[in-house]
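Structure assessment
In case you want the letters, here they are:
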Amino acid sequence: AKRIVVKVGTSTLIHPNGKVNFHAIDQLCYVLTGLVNDGKQVVLVSSGAIGVGMGQVGLHERPESIPAQQALAAIGQSGLMSVYQQRFSLYGQRIGQILLTHDVLEYPLSRQNALNTFNSLLEWGVIPIVNENDTVAVDEMDHHTKFGDNDQLSAIVSSIVDADLLVMLSDIDGFFDKNPHKYADAKLFERITKIDETTLEAAGGKGSKFGTGGMMTKLKAAKRMLENDKMMILANGQDPAIIFELIKGEPLGTLFV
Ligand code: ADP
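Just so it is clear, the structure is predicted and the values come from calculations on it, not from any experiment.

What counts and how
- Note that residues are indexed from 1 along each chain, following the sequence as it is written.
- Totals for whole chains, interfaces and linings use every residue, but because this is a predicted model, local features are given only for residues with pLDDT of at least 70 and side-chain atom pairs only at 80 or more, for both listing and counting.
- Neither water nor hydrogens contribute to the side-chain values; these are computed over all heavy atoms in the structure.
- What counts as a helix is a DSSP run of H or I of at least four residues, what counts as a strand is a run of E of at least two, and both are numbered from the N terminus.
- Two things to know: the radius of gyration comes from C-alpha atoms, and the globule rule equals 2.2 Å times the number of residues to the power 0.38.
- Note on classification: 1.4 Å probe, protein chains only; a residue is buried when its accessible area is under 20% of the maximum for its type, exposed when over 50%, partly exposed between these limits.
- In what follows, residue pairs with any heavy atoms lying within 4.5 Å of each other are defined as contacts.
- Note on charges: Lys and Arg go in the positive column, Asp and Glu in the negative column, and His and the chain ends are not counted at all.
- Every charge is mapped to an atom, namely NZ of Lys, CZ of Arg, CG of Asp or CD of Glu.
- For two strands to be treated as a pair, DSSP must find at least two bridges joining them.
- Geometry is summarised by axes, namely lines fitted to C-alpha atoms with helices restricted to the contacting stretch, and by angles between N-to-C directions that run from 0 to 180 degrees.

Further remarks concern the overall build of the chain. When helices and strands are tallied, the chain shows 10 helices and 8 strands. Taking 257 residues into account, the globule formula puts the C-alpha radius of gyration at 18 Å, and the chain, at 17 Å, falls close to it. Oriented by its inertia axes, the alpha-carbon framework of the chain measures out at about 45 × 40 × 40 Å. Counting all 257 residues of the chain, 52% fall into the buried class. Intrachain contacts of the chain at a sequence separation of at least 6 include 72% that bridge at least 24 residues. For the chain, the distance from the average position of its 23 positive side-chain charges to the average position of its 29 negative side-chain charges is 3 Å.

Strand order in the open sheet formed by 8 strands is β3-β4-β2-β1-β5-β7-β8-β6, with mixed pairing between adjacent strands. The open sheet has two free edges, formed respectively by β3 (95-100) and β6 (191-192), since each of these has just one partner strand. Judged from the 3 bridges that link them, strand β7 (residues 231-236) and strand β8 (residues 254-256) form a sheet pairing that is antiparallel. In the strand pairing of β8, M232 is matched with F256. Packed onto the sheet, helix α4 (residues 66-90) meets β1 (3-8), β2 (41-46), β3 and β4 (127-132) and runs at close to 155° relative to β3.

Note that every value here comes from positions in space, so none of it alone points to a role or purpose.
Given below as structure tokens:
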């Protein structure tokens, strides 16, 4: 795989107590820099802005109000980018920030402009760091986009840049037949080739306290990838060095192919 999109969830970047997980971010920066130095073109889709914003403002619960979440995202986004900037620069890796909305695919000119930006950055060996533009993204009437859903955004980014592989890192080892946080006997799917009603049923509802997507949005992302004949791997991001193993083809997590 030459072009790789990596998506990290809030649960990988923020500790359950609300503090930024500097160790995970540092590891992630180290690993992604390694991939670039190995000749790969890497895009990072990073959640965590609202979580970082909550920490900066001193909130422990995610507020219900969308405008409050947007404000926290605005505060947290620059905080998050400054952490990335600092950590990536330790490894000599340059980054650029790209903020997108889910409807980018519906506007050919926007899509082309996004692609042009990605292409230039990637050719220069820069890692684009993508997040949803939460200030303008809110459209509660539009049911196919959801505020804060970077899982589907990462699949959209994959299709814009025509990535061969989407690596999605979460707080869980992969996709199970039921939620392993609720059922001790949940079984991991190693390989999924089709996403149908039964698959979606296993995904249940929302996930962690700070995350927003849960398994459902991850499966929708996988569905998009499969429709485009591309691969997705869902794996545990607790130790981001797992990406090295995944790229080598080690059977860790769930492979959607
Ligand atoms: P992230 O912040 O990494 O995007 P989320 O918290 O949004 O993560 O989603 C992951 C969570 O989805 C898991 O921790 C788990 O609680 C929940 N989940 C629900 N159903 C399943 C399932 N069938 N397999 C795995 N995880 C599931």
